[in-house]
Structures are given as structure tokens and as C-alpha cells.
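# Structural characterization, general
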Amino acid sequence: MGYLLNKQAFNEVLEKLGAAYRLYAPVRKVGEGRFTDEDVIRYDFISKLENIELAEKSDYSFKELLTPLSQTLFFFTENQTKEADMDTSDALIFLRSCDLHSVKRLDDIYLNNKFEDHFYKKIRDHVKFVLIGCPHSFDNCFCVDMGSNISEEGYLFSLDVDGDTVKVDLKDESLQSVFESVSHETADVIPEHVTANDVHVTIPDVIPNSIYKHDLWNEYSARCIDCGRCTTVCPTCTCFTMQDTYYTDNGKVGERRRVAGSCMLNGYTTVAGGGQYRRTNGERMRFKVLHKIYDHRRRFGYNMCVGCGRCDDVCPEYISFSNIINKVNKAVSEER
């Protein structure tokens, strides 16, 4: 069922929802970008429609709300451990179709990957989503080729703003009374979605083992600078490390934290004795790329990358992930 509301009525809906949910959406942070005269768009609390940045793609994804950059898992003493208290109040996150698809990827890694992650599930069980309509493609997006430009499920309702009218596609009947309390104007609403991108990729169905040793990766040993920005903004990257913080000199009282990590950072694969599985940046790039477009698909049936283009947006060396995908496809074609 669809509803047509004015902006004031929609704000009344948000006020009612705010009594039951923490509301998060992309918000423009004026002057908080990489330079003082630049803005940044990232997720934060909202209370009204005017808080939500709808005209531009967020620089950072919603991922930090489900997988915090630093999360204390438990506290320990010499004889005891105690699981850290967590905020398990219900949350409602506003996101675009590509990011809604990425939720499924995060669930794959943390819930469906042999073992269920207890700490992720405690947060995930209390999170629901609102779909932000996406009427046009942004720079570097290739969501159409990745099949993430349309979402037909997984959200409570959708949000499209057309002038002074807010269009809502309601999926959850439990919220029907909330919308009917502010509007009786119904209509058939189809969430707006991207139909074409300027950027295109072609992903090979099968990638032979020879590609793992292909010379194409050598370019990135020289160009990549280990900054990890691409994986920080990526909505599907899930790497983390574990850190113990000690409160006492004897190292027997403290806390264990899960901290966001990156397969693109030097030292991430270092093991006891100084061994390192992927020493060069080209090897790290190979691991990331093939995981996004092949390894995840072999395990779960679809690609990990959702084509949001944030990695291209943020890379200081102007490395294009979509271009790498097409280079891999060309290399595979030449191998046949």
C-alpha cells in the first residue's frame, strides 16, 4: 500500500517512530570533510525529514551502525569474564537500494558463514530499514550491472520526495495506523530506482587460477598506498582485528575489543613468527577484488560488491574498482 503525504505529515510520522526507534539516516556535516571548506555525508541521528541528505550519495555507508569501528566485547579479570553491555534498543536506518543489498552480504559473513556471530546478531536483531528512493545514478556507481539498483523487500517502507509531496511504499502492515493517522491519501507507489549508470562492468562467470598470478596486479603494488579508505567506506567489507586493552601492569585485568581492520593494510595478514600471506599491495588488491566478484559468489550465489562506487570516490590515488573488474574480465577472456 502506498501513501502520499506532505512534509509536515511525514515529520509527524518520524516523531511517532522516534518514540519506538532510534532513527539514523545520511546527514550532511557542514565543514567536517577532509578540508574545512568541504562537507561530508555520513550516518547520524535524525528527527525530521529536513535532517536527511537526499540529493547526494553518502560518503560513508551505514555499516558502522551494525559493525562499530571499535566494539568492546567483554571485560576480564584474572578469574572472571563479563560480556559488555550493549545498546539493544530498536533502530531504524534509512538507506538506498545498494546499501540495502549490502545488508544481505553482511548477514552472510556474520550469520550464515559456518558460525553465527553472537555480537553482530545482538545488534542486527534490533535493526530495521527504510528504503530511500534513488531516481538517478551518482558518480562512479555501477549498481545496475551488479543487480543492486532495485530492492523489492527487506524494508518497512520507502521514502521518495517529489517537491512538497512525500511518497511512501508501505511494506509493514503494523505501521499502517501510523501513516493513516496523518494521511488518508493512498496511491500505488513504486520506489524510484536507478535504471542506467554511466559506469559499466562485465564480470566473468568463472575466473581461472591463472588470474591469481596475472601481471595485472603488479600495477597496484606501485599505485596503492595502504591507506585502507576503500574498505572503510565499503558497505560490504567486514574485516576486523582483536585488541586487548589492559588496565593493570600484570596484564590480567582489561577488556577485549573488536576493531575494524582491512585486508588492504600492511600487516593485516601477519602471523606469529613474522609470516605474512600477502606482502605486496598488488596481492592485497587481488584478494579484495576476487573476493568481491568471485569468491563470495561461489559460496553464497551472488557477488559481494553492490556497485555503490564509494571506493572510487574516496581513493586518493584514483584507483577505480570498476576498471579493475573490467581488467580482470579482459584477462580472463585472453586466457581462454
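Look up a bit, the structure's there.
Since the structure is predicted, the reported quantities are computational estimates derived from the model, not experimental observations.

Conventions adopted
Residues numbered from 1 in each chain as written. Predicted model: local features only at pLDDT ≥ 70, side-chain atom pairs only at ≥ 80, totals over all residues. Heavy atoms only, no water. Phe/Tyr/Trp six-rings, centres within 6.5 Å; stacked < 30°, edge-to-face > 60°. Helix = DSSP H or I, 4+ residues; strand = E, 2+ residues; numbered from the N terminus. Buried < 20%, exposed > 50% of the residue type's maximum accessible area, 1.4 Å probe, protein only. Pairing = 2+ DSSP bridges. Axes fitted to C-alpha atoms, helices over the stretch in contact; angles between N-to-C directions. Parallel < 35°, antiparallel > 145°, perpendicular 65-115°, else oblique. Contact = heavy atoms within 4.5 Å. Nonpolar A, V, L, I, M, F, W, Y, C, P; charged D, E, K, R; others polar. 1 Å grid on protein atoms, 1.4 Å probe; cavity = no way out; pocket = protein on both sides within 12 Å on 5 of 7 lines; lining within 4 Å. Points joined across faces, edges and corners; volume = space filled by probe spheres on them.

Evaluation of the coordinates by the stated rule reveals nine aromatic pairs. With centroids separated by 6.3 Å and ring planes inclined at 80°, the aromatic side chains of Phe94 and Phe157 adopt a geometry described as edge-to-face. In this pair, Phe94 is assigned in strand 6 (residues 91–95) and Phe157 in strand 8 (residues 157–162), connecting sequence segments 63 residues apart. The pair Phe94 / Phe157 is uniform in exposure class, with both members buried.

Here we take up the pairing of strand 4 (residues 70–76). By the bridge criterion, six bridges tie strand 4 to strand 12 (residues 254–260) in an arrangement that is antiparallel. What sits directly across from Phe76, in strand 12, is Gly254. Pairing analysis gives three bridges linking strand 4 to strand 5 (residues 81–83), with the strands arranged antiparallel. Within the sheet, the bridge partner assigned to Phe74 lies in strand 5 and is Glu83. Where strand 4 hands over to strand 5, the hairpin turn is made up of four residues, counted between the paired strands.

Two elements in contact, helix 8 (residues 281–300) and helix 10 (residues 321–335), have axes separated by 11 Å at closest approach and are oriented at 80°. By the criterion of interaxial angle, the relationship of helix 8 to helix 10 is roughly perpendicular. Contacts from Met285, Lys288, Val289, Leu290, Lys292 and Ile293 in helix 8 reach Phe321, Ile324, Ile325 and Val328 in helix 10. Per-class residue counts for the contact of helix 8 with helix 10 are eight nonpolar, no polar and two charged.

Further remarks concern unusual backbone geometry. At Asn140, a position not held by glycine, the phi torsion is positive, near 75°. In this fold, Asn140 is placed in the loop between strand 7 (127–132) and helix 4 (143–146). Its relative accessible area of 28% is what places Asn140 among the partly exposed residues. The backbone of Tyr318 sits at a positive phi, close to 55°, despite the residue not being glycine. Structurally, Tyr318 can be placed in the loop between helix 9 (310–314) and helix 10.

Further remarks concern the environment of Glu38. Looking at where Glu38 falls in the secondary structure, it is placed in the loop between strand 2 (22–29) and strand 3 (40–45). Ignoring sequence-local partners within four residues, the contact set of Glu38 consists of Gly31, Glu32 and Gly33.

In this structure, the largest pocket occupies an estimated 540 Å³ of space. Taken together, 22 residues form the lining of the largest pocket, with Arg34, Asp39, Val40, Asp59 and Asp313 sitting closest to its centre. For the lining of the largest pocket, the elements supplying multiple residues, two or more each, are strand 3, helix 7 (229–233) and helix 9. Among the residues forming the lining of the largest pocket, the class breakdown is six nonpolar, three polar and 13 charged. Counted as a void, the second largest pocket has a volume near 410 Å³. For the second largest pocket, the lining is made up of 21 residues, of which Arg22, Tyr24, Glu64, Leu65 and Pro68 are closest to its centre. Among the elements of the structure, strand 2, strand 3, strand 4 and strand 6 are those that each provide at least two residues to the lining of the second largest pocket. Each residue belonging to the lining of the second largest pocket can be placed in one class, and the counts come to eleven nonpolar, five polar and five charged.

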